[in-house]
Amino acid sequence: MLKIGFIGAGNMGYALAKAVKNSAVDTRIYISNRTKEKAEKVASELGILASTNEEIAENCDIIFFAVKPNILPKMIDGIKGILSKRNNFTVVSMAAGINIEKLTSYLGFSCPIIRIMPNTPVSIGEGMILWCANELVGDKTKALFNDILEKSGILDEINESLIDAGSAVSGCGPAFVYMFIEAFSDGAVECGLSREKAQNYAVQTLIGASSMVSKSGMHPGKLKDAVCSPGGSTIAGVHALENGAFRATVMNAVKASFDKTKKLGDS
């Protein structure tokens, strides 16, 4: 039985623990948190074991660091003495902006490390997880890592030099999409639709359009052109978006998220 520990019971720790729990791999899952009550609450909801950082560090085969970048150094200080005496464990870190080299310096020794950048839709099995690993992570461990997170969504191995850029889309992107759905719905409400219908239409339209891009293999610009009849209502709406610098604003949002992630790593 594979022992897996999550240090941190926040939204992402919860979501990934849930995905691991639903995998076909035979696991025993532990979770800890700065507040014992929260760890116990999450453990009860998921049917896993409430634990402590020290117990996880001492016993688990795969240890997820599910804490924010500013908390990570202090958390590691509390367990690195335990980890330094062990063999045959793998660290999985999701701290934004903290690369494998810096994580290794926090630990004070080399060990197998997988760095991941997940997003919140992993909680419903529709997430995107970007990941990379150091040279100490073998093929067997990589395969096992993919197996335990198979219920989270899509996993994509990427060069670490690109993981922050990818995360600016997949990691931060859900917030941008939620804002678009809200604004899309607001426009329909202004035109007379009920809030419920407006949101349902907006959500299904987004799902359908995304699937068209994914399944057709066509450039989104060509798909957009196919909806825009000459002199029609769609091109009038596209014009309004361009007047509002829609594309430039979205590009600026991705770049701002990327720049902030890099600063998190430098702090």
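Everything discussed here concerns the structure shown above.
Residues numbered from 1 in each chain as written. Predicted model: local features only at pLDDT ≥ 70, side-chain atom pairs only at ≥ 80, totals over all residues. Heavy atoms only, no water.

Draft legend 1. Quick peek at the layout of surface pockets. For the largest pocket, the calculated volume is near 2,700 Å³. Contributing to the lining of the largest pocket are 48 residues, with Val177, Phe180, Leu206, Ala209 and Ser210 lying nearest its centre. Those elements that place two or more of their residues in the lining of the largest pocket are strand 7 (127–133), strand 8 (153–157), helix 8 (163–170), helix 9 (173–190), helix 10 (195–216), helix 11 (220–227), helix 12 (233–243) and helix 13 (246–266). Top contributing element to the lining of the largest pocket by residue count: helix 10, with 10 residues. When its residues are assigned to classes, the lining of the largest pocket shows 28 nonpolar, 16 polar and 4 charged. Empty space within the second largest pocket amounts to approximately 1,000 Å³. Those elements that place two or more of their residues in the lining of the second largest pocket are helix 1 (11–21), helix 2 (36–46), helix 4 (72–77) and helix 13. A class-by-class count of the residues in the lining of the second largest pocket yields 17 nonpolar, 15 polar and 7 charged. (1 Å grid on protein atoms, 1.4 Å probe; cavity = no way out; pocket = protein on both sides within 12 Å on 5 of 7 lines; lining within 4 Å. Points joined across faces, edges and corners; volume = space filled by probe spheres on them. Helix = DSSP H or I, 4+ residues; strand = E, 2+ residues; numbered from the N terminus. Nonpolar A, V, L, I, M, F, W, Y, C, P; charged D, E, K, R; others polar.)

Draft legend 2. Geometry of the packing of helix 8 against helix 13. Put simply, helix 8 and helix 13 touch, their axes get as near as 8 Å, and they point 130° apart. When the axis of helix 8 is compared with that of helix 13, the two are oblique. In the packing of helix 8 onto helix 13, the handedness of the crossing is right-handed. On the side of helix 8, the interface is formed by Asp164, Ala165, Ala168 and Val169, while helix 13 contributes Val254, Ser257, Phe258, Thr261 and Lys262. (Axes fitted to C-alpha atoms, helices over the stretch in contact; angles between N-to-C directions. Parallel < 35°, antiparallel > 145°, perpendicular 65-115°, else oblique. Left-handed = near helix turned anticlockwise from the far one by under 90°. Contact = heavy atoms within 4.5 Å.)

Draft legend 3. Quick peek at the pairing of strand 6 (residues 113–117). Counting buried residues along strand 6, 5 of its 5 residues qualify, which places the element largely inside the surrounding structure. Residues of strand 6 alternate between two faces, with Ile113, Arg115 and Met117 on one and Ile114 and Ile116 on the opposite face, all of them buried. In the classification by handedness, the crossover that spans strand 5 (residues 90–93), the intervening helix 6 (residues 100–107) and the parallel strand 6 is right-handed. (Buried < 20%, exposed > 50% of the residue type's maximum accessible area, 1.4 Å probe, protein only. Right-handed = clockwise from strand over helix to strand, strands pointing away.)

Draft legend 4. Spotlight on the packing of aromatic side chains. Applying the stated rule across the entire model yields 4 aromatic pairs. Geometrically, the ring pair formed by Phe6 and Phe64 is stacked, given 4.4 Å between the ring centres and 15° between the ring planes. In this pair, Phe6 is assigned in strand 1 (residues 2–7) and Phe64 in strand 4 (residues 62–65), connecting sequence segments 58 residues apart. Summarising the burial analysis for this pair, Phe6 and Phe64 share the class buried. Their ring planes at 50° and their centres at 6.2 Å tell us that Phe180 and Phe246 sit as a pair that is tilted. Of this pair, Phe180 sits in helix 9 while Phe246 sits in helix 13, and the two are 66 residues apart along the sequence. The class for Phe246 is partly exposed, based on a relative accessible area of 33%. Taken together, Phe180, Phe184 and Phe246 form an aromatic cluster joined through their ring pairs. (Phe/Tyr/Trp six-rings, centres within 6.5 Å; stacked < 30°, edge-to-face > 60°.)

Draft legend 5. Looking closely at the side chain of Asn119. Position of Asn119 among the secondary structure elements: in the loop between strand 6 and strand 7. Judged by its relative accessible area of 6%, Asn119 is buried. Excluding anything up to four places from it in sequence, Asn119 contacts Met12, Gly127, Met128, Ser170, Gly171 and Pro174.

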